[in-house]
Amino acid sequence: MIALSRRNIELLLLFFVSISIFVSFFLVSQTTGQPAENALRIAGFLSSMFIVLHIANRHFIREADPALLPLSAFLSGLGLVMIWRLKPDLAIAQAIWVLAGTAAILVVLSLLKRYQWLKDYKYTWAIAGIILLFAPAFIGVERGGAKLWLNFGPVSFQPAEMAKILFVLFLAAYLEEKRELLSISTKRVFGFWLPELKHLGPLIVMWLISLVILVLERDLGTSLLFFGLFLSMLYVATGRPIYVTFGTLLFIAGATACYFAFSHVQARVDIWLDPWIDPSGKGYQIIQSIFAIASGGLTGAGLGLGHPTLIPAVQTDFIFSSIAEELGLLGSVAVVLSFLLFILRGLKIALLAKDDFGRLVAVGLASVFALQSFSIIGGTTKLIPLTGVTLPYMSYGGSSILMNFILLALLLVISAKGASQVE
Amino acid sequence: MNKRIGRLGTIITAAFIILIINLTYLQFIAASGLTAKPENIRPILNEQKIRRGDIVSADGQVLATSRKIGDIYKRYYPEGNLVSPITGFYSTKYGRTGLELTFDEYLSGQTRISSPEDYIKRLLGKDVPGNNVTLTINMDIQRTADRLLGDRKGAIIVLNPRTGALLALVSHPSYNPNDVDKNWGSLIKDPNGPMVNRVTQGRFTPGSTFKIVTATAALENASVTTETVFDAPDTIKIYGGKVTNFEGKNYGRLTFADAFAKSVNTVFAQVGKSLGGPKLVDTTRAFGFGDKPPFDLPTVESRIPRASEMDELEVAWAAVGQGRVQATPLNMALIGSAVANDGKVMRPFLVEKVREAGGNTVYEANPRAWLSPMKPDTSQTVKSLMERVVNEGTGKAARISGIRVAGKTGTAEVGKDKPHAWFVGFAPAENPQVLVAVVVENGGLGGHTAAPIAREIMVEALK
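Reading the values: rules and limits
Residues numbered from 1 in each chain as written. Chains lettered and ligands numbered in written order. Predicted model: local features only at pLDDT ≥ 70, side-chain atom pairs only at ≥ 80, totals over all residues. Heavy atoms only, no water. Helix = DSSP H or I, 4+ residues; strand = E, 2+ residues; numbered from the N terminus. Buried < 20%, exposed > 50% of the residue type's maximum accessible area, 1.4 Å probe, protein only. Contact = heavy atoms within 4.5 Å. Buried area = accessible area lost by both parts, 1.4 Å probe. Salt bridge = Lys/Arg side-chain N within 4 Å of Asp/Glu carboxyl O. Polar contact = N/O pair within 3.5 Å; in protein donor to acceptor, adjacent residues only side chain to side chain. Axes fitted to C-alpha atoms, helices over the stretch in contact; angles between N-to-C directions. Left-handed = near helix turned anticlockwise from the far one by under 90°. Nonpolar A, V, L, I, M, F, W, Y, C, P; charged D, E, K, R; others polar. Arc of directions from axis to C-beta. Phe/Tyr/Trp six-rings, centres within 6.5 Å; stacked < 30°, edge-to-face > 60°. Lys NZ or Arg CZ within 6 Å of the ring centre and 35° of its normal. Pairing = 2+ DSSP bridges. Core = buried A, V, L, I, M, F, W, Y, C linked by side-chain atoms within 4.5 Å. Patch = residues over 30% accessible without salt bridge, like charges linked within 9 Å, V, L, I, M, F, W, Y side chains within 5 Å. Areas by Shrake-Rupley, 256 points an atom, 1.4 Å probe, with all protein chains shown as cover.

Re the overall build of chain B
Within chain B, the secondary structure is distributed over 18 helices and 19 strands. Projected onto its principal axes, the C-alpha positions of chain B cover 110 × 55 × 40 Å. Split into buried and exposed, the 463 residues of chain B put 56% on the buried side. Contacts in chain B between residues at least 24 apart in sequence constitute 66% of all its contacts with a sequence separation of at least 6.

What follows is the structure, encoded as structure tokens:
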């Protein structure tokens, strides 16, 4: 048996992904009556982007993880197929964002081959993150009840996407430095051993930030995302479940207060509990999503042959429902497993990382990715209340694509370092 | 730290497995139930892409077809009002009725995939047309019956008593199935009920046509023969009340056969009284009362109260088809068909065949008996009674020269309004080919209003 090098494995996987992207685009052109040349053009463009990234990996980070790029290529390829099928006009814009994402990866690979210096600027990242998070509340644009966007001329940008990565960098650096201190209990409060209050400061600050997001920006999803991210990094860094328990209790308390204080939070939860109370109004979107998913059955309606456009905002928050409708249970489970594989590769990278900062960054990025994909897939399938976050790599949306490509680049860089020191 | 990263991985994996379990539930276990919810318009959108099958009469006239308009097919009914009680309507907004409802699976082609080509076409999302439905309805008879009923409210059913095959079905007023979406508001509010199929779902007081049932009960229970002589005064008193003849006529004394021919209520009231409630009700139920007749269109059951719910007076009135006795025209036709068909009621049907677009037959009607309410001897006796009705009794207007016609008139009193005019009859009596049941709401005397309609239809059908 020939042992393939990591990069050759990546190339082989990309080859299969490319074939499936070409076939999918061609099928959509046949079923929706769009020109087949366009299908081949977009598929060719996407494939060449991934080949460029593959070559960059060979050049900059030979030992990087071989599965991450093919997985994200598969997910973003399928996402673009669905966007082209749902709203053909938006596919070009999305393709341009893929181009921007590719460029961003190239930048990260060339600048961050040594990423340790990032931790020296941890407070810069924290402050930048906070500014980005709260900017929309003051100068942003409201869409669908949530104030999440900044407009720059024709381009609108969702800064919370950028803030996620900045917070991961800050928390990784902060926890690497303070994790010893946070692991030592010096005070006993209500029967629990707790560390010095000053070390608990960031926990409380993060808790407050999460609640403020909820209140100011009316965004349950982002709020939960930040808090979940913080808790999982804190747990991995300190190994003290008390933080998780205490933090969760605090958040539940805050969320319950919000449930009673804000009608939009209440409405979301009520619709989740029983969308049939208002099937043509507030429950319309989730009910249409459930119909789409259910009508997919085992093998799906076929690409371009279902009716996913009955779901409002299908190309952003509900793209997963359209995949479930047209590719069936087989397709939807394939997508869920691809996300899981991506996350588990991320955690494996954390395990193999030689330095604690890299380890914690990898844990944080994998957690963000997990929280985000779980909450939107869970939301569109009515497993949990719906929160308006994008599905990484798949949803239509520039900031989401760009940031998830940067996330991919960071994981690749960390994996290359871990692997090179191990071997 | 690594142990905790492992734990985090386990938690995340567990969460994603829950996602997969939930997806399996939605897409596999609960899928069909969710897809069938009325709020889901996907089935309708999918159907509009399919060329729904045609509905065609026995003589090859297209009654319902699909026309492509842009990307989707629209349903079109070339005959409009004339056959809407049969075809029903097909609307993406308001659902479907009639054959469009009962034969929906065939018309939409969703029954089964019969050939590998069909299957491949379906996989590719190509247009697999629905099946074509051929009826037993003869459009010449249908048009004649429709014209004869004219603007009057009422119902006509024409069938072959030997097979149960319907030749015509008319219900007035009717509606134009092409304009259902446009006129929905006024159609459902119309007090005349244009969308109710009076033949299968309208219940009427049957009046004297019901005496076919009473006569059967009396003859089979040996309480009378055709020659039994009765007093036939204008009025008889029963249990604190009275039964009167129509227009208060006194017939003196006459035989049971004469009483049937002249439709004398006071004689049948005595017959009913001596039979008693239980026997009358049992015989009535043997003719299908209390059951929805099996048919290709939705039906309702005809009604008679339980014997225990009727006093002697009500039994006497029930014996002449008044009181709480309520019958559908379909059921009255089936009662007549038992007489015509040696005591057996054939299952009524109006779909002869269903063929795939390629010509393959996927459904074929199979005539079979539904009920056997009369002994063959009794049916011959009642037939002779009914022939006398047409030859010398109340049904003379149904006489056809050279053809033996059997029938029974009915003039069903409905309070202050004019009575409903009924006629149930068949011809030729010696070898029945066609049976007609007519009811004209508030049409007056059965012999004057309904019998001539039935006569012309029989003439047309026997041409």
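Considering the environment of R67(B)
Residue and element names in this part refer to chain B. For R67, the location among the structural elements is in strand 2 (residues 62–69). Its relative accessible area of 44% is what places R67 among the partly exposed residues. Remark: the alpha-carbon pair of R67 and R52, spanning 15 residues in sequence, is separated by 9.1 Å. Contacts of R67, omitting those with residues within four sequence positions, involve I72, Y73, K74 and Y76.

With respect to the interface of chain A and chain B
Where interface size is given, it is often the accessible area lost as the parts come together that is meant. Every contact between the two is made by 51 residues of chain A and, on the other side, 34 residues of chain B. Taken together, both faces of the contact between chain A and chain B bury some 3600 Å²; the carbon and sulfur share is 75%. Looking at the side of chain A facing chain B, the largest losses of area belong to Y235(A), F291(A) and H307(A), adding up to 16% of the total buried there. Here chain A and chain B share one salt bridge between them. Our enumeration of links across chain A and chain B arrives at eleven residue pairs in polar contact (both at pLDDT 80 or more). For the side of chain A that touches chain B, the secondary-structure elements that each account for two or more residues are helix 8 (220–238), helix 11 (284–296), helix 12 (319–352) and helix 13 (356–380) of chain A. When residues in the side of chain A that touches chain B are grouped by element, the largest group, 16 residues, is from helix 12 of chain A.

Here's the deal with the packing of helix 8 of chain A against helix 13 of chain A
Residue and element names in this part refer to chain A. The interhelical angle for the contact between helix 8 and helix 13, taken along N-to-C directions, is 145 degrees, at an axis separation of 9 Å. Helix-helix and strand crossings are classified by hand; for helix 8 and helix 13 the assignment is right-handed. Between helix 8 and helix 13, the residues in contact are L225, G228, L229, S232, M233, V236 and A237 and L360, V363, G364, S367, V368, L371 and Q372, respectively. Here the contact of helix 8 with helix 13 is composed, by residue class, of nine nonpolar, five polar and no charged.

A word on helix 14 (residues 277–286) of chain B
Residues and elements named next belong to chain B. Along helix 14, the residues that are buried comprise G277, L280, V281, T283 and T284. Across the axial projection of helix 14, the buried residues extend over an arc of 165 degrees, all falling on one side. Exposed side chains of helix 14 directed beyond 90 degrees from the buried face belong to P278 and D282. Those residues of helix 14 hidden inside the fold are in contact with helix 11 (211–220), helix 13 (265–275) and helix 15 (312–319). Looking one or two residues past helix 14, G288 carries a phi angle of roughly 105 degrees, positive in sign.

Thoughts on helix 11 of chain B
Among the ten residues that make up helix 11 of chain B, nine are buried, leaving the element largely enclosed by the rest of the structure. Of the residues flanking the end of helix 11 of chain B, it is A222(B), one or two places downstream, whose phi is positive at about 60 degrees.

A few points about the packing of aromatic side chains
Throughout the structure, instances matching the rule amount to 27 aromatic pairs over all chains. A ring pair is formed by F342(A) and Y393(A), whose centres lie 5.8 Å apart and whose planes are at 65 degrees; its orientation type is edge-to-face. Here F342(A), found in helix 12, pairs with Y393(A), found in the loop between helix 13 and helix 14 (398–422); they are 51 residues apart in sequence, far enough to count as distant. Looking at F342(A), the relative accessible area reads 1%, which means it is buried. Taking the relative accessible area as the measure of exposure, Y393(A) reaches 1% and is therefore buried. A centroid spacing of 6.1 Å and a plane angle of 55 degrees characterise the contact between F260(B) and F268(B), whose relative ring orientation is tilted. By relative accessible area, which is 0% here, F260(B) ends up buried. Taken together, the aromatic side chains of F339(A), F342(A), F369(A), Y393(A) and F405(A) make up a single cluster linked through ring pairs. The aromatic ring of W276(A) is capped on one face by K37(B), whose charged end is 4.2 Å from the ring centroid. Against the face of F260(B) rests K408(B), its NZ or CZ located 5.5 Å from the ring centre.

Considering the packing of helix 8 of chain A against helix 1 (residues 2–29) of chain B
Any two packed helices are characterised by how steeply their axes cross, that is the angle between the axes, and by the distance between the axes. It is at 7 Å that the axes of helix 8 of chain A and helix 1 of chain B come closest, and there the two elements cross at 145 degrees. As helix 8 of chain A packs across helix 1 of chain B, the resulting crossing turns out to be right-handed. Contacts between helix 8 of chain A and helix 1 of chain B involve S232(A), Y235(A), V236(A), A237(A) and T238(A) from the former and R4(B), I5(B), R7(B) and L8(B) from the latter. Across the contact of helix 8 of chain A with helix 1 of chain B, the residue classes tally to five nonpolar, two polar and two charged.

Quick look at the sheet that holds strand 14 (residues 351–355) of chain B
Residue and element names in this part refer to chain B. The sheet built from six strands is open, its strands ordered 3-2-1-6-14-15 with mixed pairing. Whereas interior strands pair on both sides, the edge strands pair on one side only; in this sheet they are strand 3 (72–76) and strand 15 (361–364). Bridge count between strand 1 (residues 55–56) and strand 2: two bridges; the pairing is antiparallel. Looking across to strand 2, one finds that I55 is bridged to A64.

Description of the nonpolar core
Core analysis: the largest hydrophobic core is formed by 140 residues, its most contacted members being F25(A) and F16(B). No other element matches the 15 residues that helix 12 of chain A contributes to this core. Not counting the four nearest positions on each side in its chain, F25(A) is found in contact with A39(A), I42(A), A43(A), L46(A), G77(A), L80(A), V81(A) and W84(A). Residues A232(B), L275(B), A338(B) and L435(B) belong to the second largest nonpolar core, which totals 87 residues.

Quick word on the pairing of strand 14 of chain B
All names here are of chain B. Here strand 6 (residues 132–135) pairs with strand 14 via four bridges, running antiparallel. Each residue of the ladder has a partner; that of L135, found in strand 14, is V351. Here strand 14 folds back onto strand 15 in antiparallel fashion, the turn holding five residues, of which G359 has a positive phi close to 110 degrees.

Details of the pattern of salt bridges
Tallying each qualifying case throughout the model produces 28 salt bridges over all chains. Across the pair K119(A) and E176(A) runs a salt bridge whose closest N-O atoms are separated by 3.3 Å. Of this pair, K119(A) sits in the loop between helix 4 (88–111) and helix 5 (122–139) while E176(A) sits in helix 6 (residues 159–183), and the two are 57 residues apart along the sequence. Overall, the relative accessible area of 24% leaves K119(A) in the partly exposed class. Judged by relative accessible area, E176(A) falls into the partly exposed class, the value being 25%. A salt bridge links R404(B) to E387(B); the shortest N-O distance between them is 2.9 Å.

Describing the pairing of strand 9 (residues 229–232) of chain B
All names here are of chain B. Going residue by residue along strand 9, you find F230 and A232 tucked away on one face and V229 and D231 left uncovered on the opposite face. Taken together, the four bridges between strand 9 and strand 12 (residues 252–255) define a ladder with antiparallel strand orientation. Bridged to F230 within strand 12 is L254.

Quick look at the environment of A318(B)
In this structure, A318(B) sits in helix 15. Taking the C-alpha atoms as reference points, A318(B) and R404(B), separated by 86 residues in sequence, lie 30 Å from one another.

Comments concerning a nonpolar patch on the surface
Nonpolar side chains collect at one region of the surface, where L4(A), I9(A), L12(A), L13(A), F15(A), F16(A), I19(A), V23(A) and L27(A) lie side by side and expose about 770 Å² of accessible area between them. Along the chain, the position of L12(A) falls in helix 1 (residues 6–32).

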